[in-house]
Amino acid sequence: MANSSDGLSQKKRREECERKARRGEMDPRLEYTFQLLIDATGLPRAEIMDNVFEGNMLDQINEIFLPHMRDKLIWFYQEVEEQVSVPNVDHGKGVLRGMQTNAKTQVQSTISYKKKLFLTDGWSCPLTGMCIYMFRLNTVKQLPEEGFQKDLFCGVINARKVGLVTTVQRVMEHVFMEVLSQPSIDAEDDEVAGSIVRDQLLPGLRSFCSALKVCEEVCKTKNIFDDGKTLMENVNSYEEVKDYISEPGNKEILEERIKIWIKKINDVILESEQLRQENDSSGPQDELEYWKKRDAQLSQINVLFEDHEVKTTIQCLTVLKSKTIKQWKEIRQGVIYCFNEARDNAKYIQSIEKSCHALYLHDPVRMQSSILRLLQTVKLIHSVSQYYNTSERTSALMVKV
């Protein structure tokens, strides 16, 4: 009875909401929210209303407009698991007696996937589809029906097509930083706040966006040891290693495997020695991002050396005294050298990042002091760096500056 009464009350609220919408009496704040969901998901209005009332979202949506209540709303529109009960009739071997049989009906639960729009806290389930968000910074006052848009921040994150990291980086760089770099008319008299934004906040956001770019590129890097095979899944002890290598043909398979790994790792090692293709707009920030990315990439390879599949493959070939082991040891030394080089270079170039911000954010007059500091830092790097002190690398950095 309780469920049926809840269903009736939801139906009445929906009918009332739709009547108001047809008469043009809908709360403009709700209308704005519904339109945001329609634009983001591409669903028709009727389906959006179905999802809102089935999920009891209306009260939660209204709370963001009230004082001292919600400060954010997060919707996910993605496939979710649903358990569907399917009747399974089991017919026995009994004889019909009048109208009765001994057929037994059982209920089986199967899992199906259905796209659904639902409110979430952002932590309870991972984002795999679309995220629509709405938040406000100040919850002290109630949002009025007119002019409420200036206090609301809304956006969409497409995890499938664009990705979370890329979306955050783009919004930060092309929305917030663009707005902050153009001081408002109201803030012209507040020189202290303007200088904090210009000298501290904007440089910090630039560094944050740079770190996100590196993170995005590193996440796209494929595992060079992943060949789609799990040959060592059941090999966990020395005795099992001996049993595996005693089987005919396994030695050739493992040697071919390690040769492919060596080739892929060698390509990564030779990257720093090759001439990089760069455009005219490349700056010192690009140089820093390159070495950060290389540091992370080689660090991943070092971690994967300890993977069970890799370690056991090497152990098998070591027991077999394969000639490829000598090449493997040499390539590992090469990875260690390149990793130390990348980490050292990233550390030293990181020291010029603070001075570099002025080249991107300030006018030629205000960047004079930063240029002098930048040149002194480059001179110091050339003097003390173990790997970056060659004339080719220093000259390339100066060209970017």
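The written sequence of each chain sets the order in which its residues are numbered from 1. Local features in this predicted model are restricted to residues of pLDDT 70 or higher, and side-chain atom pairs are both shown and tallied only at a pLDDT of 80 or more, whereas totals for entire chains, interfaces and linings draw on every residue. Hydrogens and water molecules were not included; the side-chain quantities draw on all heavy atoms of the structure.

Put simply, DSSP marks the helices as runs of H or I at least four residues long and the strands as runs of E at least two long, and each gets a number from the N terminus on. By this rule, a helix spans an expected 1.5 Å times one less than how many residues it contains. Taking 1.5 Å of rise per residue, 17 residues should cover 24 Å, and helix α13 (residues 368–384) covers 25 Å from first to last C-alpha, within 8% of that figure. Restricting attention to buried positions, one finds in α13 the residues Ser370, Leu374, Thr377, Val378 and Ile381. On an axial view of α13, the arc spanned by its buried residues comes to 105°, and they lie on one face. Seen from the buried face of α13, the exposed residues on the opposite side, beyond 90 degrees, are Gln368, Leu372, Gln376, Lys379, Leu380 and Ser383. Every residue pair with non-hydrogen atoms within 4.5 Å of one another is taken to be in contact. Taken together, the buried residues of α13 touch α11 (324–350), α12 (353–361) and α14 (391–400). Burial classes follow relative accessibility: with a 1.4 Å probe on protein chains only, a residue under 20% of its type's maximum area counts as buried, one over 50% as exposed, and anything between as partly exposed. Note that the arc is defined by the directions from the helix axis to the C-beta atoms.

Most of strand β3 (residues 130–135) sits out of view: five of its six residues are buried. Whether two strands pair comes down to DSSP finding at least two bridges between them. For β3 and strand β4 (residues 153–158), the ladder comprises six bridges, and the chain directions are antiparallel. From the neighbouring strand, Phe135 faces β4, where its bridge partner is Phe153.

Take the buried residues of types Ala, Val, Leu, Ile, Met, Phe, Trp, Tyr and Cys, join any two whose side-chain atoms come within 4.5 Å, and each joined set is a nonpolar core. One finds Phe225, Ile265, Leu298, Ile301 and Trp328 to be the most contacted residues of the largest nonpolar core, which totals 40 residues. Listed by contribution, the elements that provide at least two residues to this core are α7 (238–246), α8 (250–270), α9 (284–304), α10 (308–319), α11 and α13. A total of nine residues in this core trace back to one element, the largest contributor, which is α11. The contacts of Leu298, once residues within four sequence positions are left out, are Val268, Val335, Cys338, Phe339 and Ala342. Among the nonpolar cores identified, the runner-up in size contains 27 residues, and Leu58, Met130, Ile132 and Leu152 belong to it.

Let us look at helix α5 (residues 164–180). In this model α5 runs 22 Å from its N-terminal to its C-terminal C-alpha over 17 residues, within 8% of the 24 Å that 1.5 Å per residue would give. Roughly 30° is the biggest bend found in α5, and it falls at Met172. For α5, the full list of buried residues reads Thr166, Thr167, Gln169, Met172 and Met177. Bend at a given residue is defined as the angle between two axes, one fitted to the seven residues that end at that position and one fitted to the seven that begin there.

Residue-level pLDDT values for the protein chain average 81, and 83% of them are 70 or greater. Looking at any residue, its pLDDT shows the predictor's confidence there, from 0 to 100. In the model of the protein chain, helix α1 (residues 2–23) stands out as the element of lowest mean pLDDT, 62, in contrast to β3, which has the highest, 92. Predicted confidence for residues 93–103 stays below pLDDT 50, and this span has eight contacts to residues more than four positions away or in other chains.

This brings us to the packing of α7 against α10. To define axes, lines are fitted to C-alpha atoms, for helices over the stretch in contact only, and angles between the resulting N-to-C directions are given on a 0 to 180 degree scale. Direction vectors running N to C along α7 and α10 enclose 70°, while the axes themselves pass 10 Å from each other. When the axis of α7 is compared with that of α10, the two are roughly perpendicular. Crossing of α7 over α10 shows right-handed handedness. Two secondary-structure elements touch here, α7 through Tyr238, Val241, Tyr244 and Ile245 and α10 through Thr312, Gln315, Cys316 and Val319. Any angle from 65 to 115 degrees is called roughly perpendicular, while one under 35 is roughly parallel, one over 145 is roughly antiparallel, and all others are oblique. Here is the rule for handedness: rotate from the far helix to the near one, and if that takes an anticlockwise turn smaller than a right angle the crossing is left-handed, while a clockwise turn gives right-handed.

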